[in-house]
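# Structural description and commentary
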Amino acid sequence: GFGNDSHNIIEYLVMNDMEKHPSRAKMDDAMTRNTAGYTPILEGFSAWLRDSGIKIVASELMVYHAAHKYAGTIDLVGIKQNDPLSLVVIDVKTGGVFDEAAMQVSAYATALEYLTNDPVSEAWVLQLPRERPDKWDADKLYQVHKVESIPTYHEAFIDAMNLRERLKGEAWTT
């Protein structure tokens, strides 16, 4: 679907930027099916990469938190050029951004810290539009949502996991 194709396109752009020489097959496949549809994703991501001051160091990185028993795949891990010792975890969304996304990206950030012992200073959602914005308004090419508090939203993520488990069982004995 659109989201998966968008992630493939972004992964290609990131890997190319990192000089990893990725295969063009997935990107070409998506672009062949819907060139005009993916143009806002290409433009938005390229503009964000240019404007953000972030150097991407990993893409599609699987993480696992053994203590809390959850796993996921981080879309992008970057470093700020003015603070190269601190990581930024970035989740890319091509649709709406809801509060649940803050929990998700905070969980990824906490798992990455757990696995690597490297500090994650920020967790972001990069929202890219599905439709071409007004070409004269560069602010509409992308929007960055920064999580207010990684620990707070990670705690909410764990609470949601626990609630989900509780709701799987029977509440009543009779």
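So, here is what we can say about the structure in this document. (Residues numbered from 1 in each chain as written. Predicted model: local features only at pLDDT ≥ 70, side-chain atom pairs only at ≥ 80, totals over all residues. Heavy atoms only, no water.)

### Here we look at the nonpolar core
To be explicit about the condition: Working definition of a nonpolar core: buried Ala, Val, Leu, Ile, Met, Phe, Trp, Tyr and Cys residues. They are joined through side-chain atoms within 4.5 Å. Burial classes: relative accessible area under 20% of the type maximum marks a residue as buried, over 50% as exposed, and values in between as partly exposed (1.4 Å probe, protein chains only). Each helix is a run of H or I in the DSSP string that is no shorter than four residues. Each strand is a run of E no shorter than two, and both are numbered from the N terminus. Residues count as neighbours in contact if any of their non-hydrogen atoms are within 4.5 Å of one another.
In this structure, Ile 74, Val 89, Leu 112 and Val 120 are the most contacted members of the largest nonpolar core, which totals 24 residues. Among the elements of the structure, strand S1 (54–65), strand S2 (70–80), strand S3 (83–93), helix H4 (99–116), strand S4 (120–127) and helix H5 (150–168) are those that each provide at least two residues to this core. Counting residues per element, this core draws most heavily on H4, which supplies nine residues. The contact partners of Leu 112, leaving out residues within four places of it in the chain, are Leu 61, Val 63, Ile 74, Val 77, Leu 87, Val 89, Asn 117 and Val 120. Counting 20 residues, the second largest nonpolar core, distinct from the first, contains Ile 54, Leu 76, Val 92 and Leu 141.

### Examining the pattern of salt bridges
Stated precisely, the cut-off is as follows: Any Lys or Arg side-chain nitrogen located within 4 Å of an Asp or Glu carboxyl oxygen qualifies as a salt bridge.
In total, this model carries four salt bridges according to the counting rule given. A salt bridge links Arg 50 to Asp 51; the nearest nitrogen and oxygen atoms lie 2.8 Å apart. Of the residues examined, Arg 50 reaches a relative accessible area of 61% and is grouped as exposed.

### Quick notes on unusual backbone geometry
Look at Lys 69: it is not a glycine, yet its phi comes out positive at around 60°. Mapping Lys 69 onto the fold places it in the loop between S1 and S2. The class for Lys 69 is exposed, based on a relative accessible area of 65%.

### A few points about H5
Here is the rule we go by: By this rule, a helix spans an expected 1.5 Å times one less than how many residues it contains. The arc under discussion is defined with respect to the helix axis, by the directions toward the C-beta atoms.
Taking 1.5 Å per residue as the helical rise, H5 with its 19 residues ought to reach 27 Å, and the 27 Å between its terminal C-alpha atoms agrees with that figure. The set of residues buried in H5 consists of Ile 150, His 154, Phe 157 and Ile 158. Considered in projection along H5, the buried side chains sweep an arc of 95° and stay on one side of the axis. Residues Glu 155, Arg 166 and Leu 167 are exposed on H5 and point more than 90 degrees away from its buried face.

### Comments concerning the sheet that holds S2
Basically, it comes down to this: Paired strands are those between which DSSP finds at least two bridges. Convention adopted: a line fitted to C-alpha atoms gives each axis, helices being fitted over their contacting stretch, and angles between N-to-C directions are expressed from 0 to 180 degrees.
Overall, mixed pairing links the five strands, which are arranged S1-S2-S3-S4-S5 in an open sheet. Across the chains shown, the open sheet's two edge strands, defined by having one partner strand only, are S1 and strand S5 (143–146). Strand-to-strand, the axes of this sheet are offset by a mean angle of 35°, without reference to chain direction. As defined by bridge partners, S3 adjoins S4 across seven bridges and the pair is classed as parallel. The partner of Leu 87 across the bridge, within S4, is Val 120. Packed onto the sheet, H4 meets S1, S2, S3 and S4 and runs at close to 85° relative to S1.

### As for the packing of H4 against H5
Worth spelling out the cut-off: In this scheme, roughly parallel covers angles under 35 degrees and roughly antiparallel covers those over 145, while 65 to 115 is roughly perpendicular and the rest are oblique. Only Asp, Glu, Lys and Arg are considered charged, only Ala, Val, Leu, Ile, Met, Phe, Trp, Tyr, Cys and Pro nonpolar, and every remaining residue, Gly among them, polar.
Their axes nearest at 8 Å, the elements H4 and H5 cross at an angle of 105°. Here H4 is positioned roughly perpendicular relative to H5, judged by the angle of their axes. Here Ala 102, Met 103, Gln 104, Ser 106, Ala 107, Ala 109 and Thr 110 of H4 lie close against H5, whose contacting residues are Ile 150, Tyr 153, His 154, Ala 156 and Phe 157. Grouping the amino acids of the contact of H4 with H5 by side-chain chemistry returns eight nonpolar, four polar and no charged.

The analysis is restricted to geometry; functional conclusions fall outside its scope.
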